[in-house]
Amino acid sequence: GLEKGDLITLAGASSLGKTTLALQWAMNAAQGYEGQTRKVVPLYVTLEMPPKKMVYKTLSMRTGIPVRQMQRGQISSEQLADIGLAVSEAEDIEMEYVARIKDTKKSVAGFIERIQLKTKNLADLVVFIDTLQLFSRGESIENQFAAIARASEELKELTIDYNIPIVQLSQLTI
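### Focus: the packing of helix α2 (residues 51–63) against helix α4 (residues 77–90)
One way to put it is that α2 packs onto α4 with a least axis distance of 9 Å and a crossing angle of 110 degrees. Put simply, α2 runs roughly perpendicular to α4. For the element pair α2 and α4, the recorded crossing hand is right-handed. Residues Leu59, Arg62 and Thr63 of α2 pack against Asp82, Ile83, Ala86, Val87 and Glu89 of α4.

Here it is as structure tokens:
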């Protein structure tokens, strides 16, 4: 499982399902499990997808209906009912989405503190950062590696400072 203080890196080539897997982990954490003593609130920070696309991806995961099919409106009345059910089930899941942040440590720390205040520290928190490379766009390869290493160090500090697990997604380019 995801242990407090862990920094987990989920890395792979483009379009291999890193975001889908991380979203599934986040939703599973939010839904809880039998015998769980504390609620878990996932914070999903996406640097890659706009919120509308995240909604489509989440609905697709829950219904099995391809995103493109939903975007084009090519859905049957049965699929529409499935989407309605998925939306109503999702309303019961407490999960925070954040898009487009600038400063890794400072921004993520602010969101962590806001959630802790909101839940009065009665919930555990797990943070997902999708995708780490996007923190370093427009820089040389050497500077990108340095920026990613710096961001990873900052995220590790956050896991220790707040005693939470953080999952960072990283795209491998060959």
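### Remarks on the packing of helix α1 (residues 18–31) against α2
Here α1 crosses α2 at 75 degrees, and the two axes come no closer than 11 Å. Here α2 runs roughly perpendicular to α1, going by the angle between their axes. Residues Thr19, Thr20, Leu23, Gln24, Met27 and Gln31 of α1 form the contact with α2, whose participating residues are Met54, Lys57, Thr58, Met61 and Arg62. When the residues that make up the contact of α1 with α2 are grouped by side-chain class, the tally is 4 nonpolar, 5 polar and 2 charged.

### Topic: the pairing of strand β5 (residues 166–171)
Across the 6 residues that make up β5, a large majority, 5, are buried. Note that strand β1 (residues 7–12) and β5 share 6 bridges and pair parallel. In the sheet register, Leu7 faces β5, and the bridge partner there is Ile166. Bridging between strand β4 (residues 123–130) and β5 involves 3 bridges; their strand directions are parallel. Residue pairing in the sheet places Ile129 in a bridge with Gln168 of β5.

### Let's talk about a nonpolar patch on the surface
Together, Leu2, Leu21 and Trp25 make up a nonpolar patch on the protein surface, roughly 220 Å² of accessible area in all. Topologically, Trp25 is positioned in helix α1. Given the relative accessible area of 31%, Trp25 is considered partly exposed.

What counts and what doesn't
Residues numbered from 1 in each chain as written. Predicted model: local features only at pLDDT ≥ 70, side-chain atom pairs only at ≥ 80, totals over all residues. Heavy atoms only, no water. Axes fitted to C-alpha atoms, helices over the stretch in contact; angles between N-to-C directions. Helix = DSSP H or I, 4+ residues; strand = E, 2+ residues; numbered from the N terminus. Parallel < 35°, antiparallel > 145°, perpendicular 65-115°, else oblique. Left-handed = near helix turned anticlockwise from the far one by under 90°. Contact = heavy atoms within 4.5 Å. Nonpolar A, V, L, I, M, F, W, Y, C, P; charged D, E, K, R; others polar. Buried < 20%, exposed > 50% of the residue type's maximum accessible area, 1.4 Å probe, protein only. Pairing = 2+ DSSP bridges. Patch = residues over 30% accessible without salt bridge, like charges linked within 9 Å, V, L, I, M, F, W, Y side chains within 5 Å. Areas by Shrake-Rupley, 256 points an atom, 1.4 Å probe, with all protein chains shown as cover. Salt bridge = Lys/Arg side-chain N within 4 Å of Asp/Glu carboxyl O.

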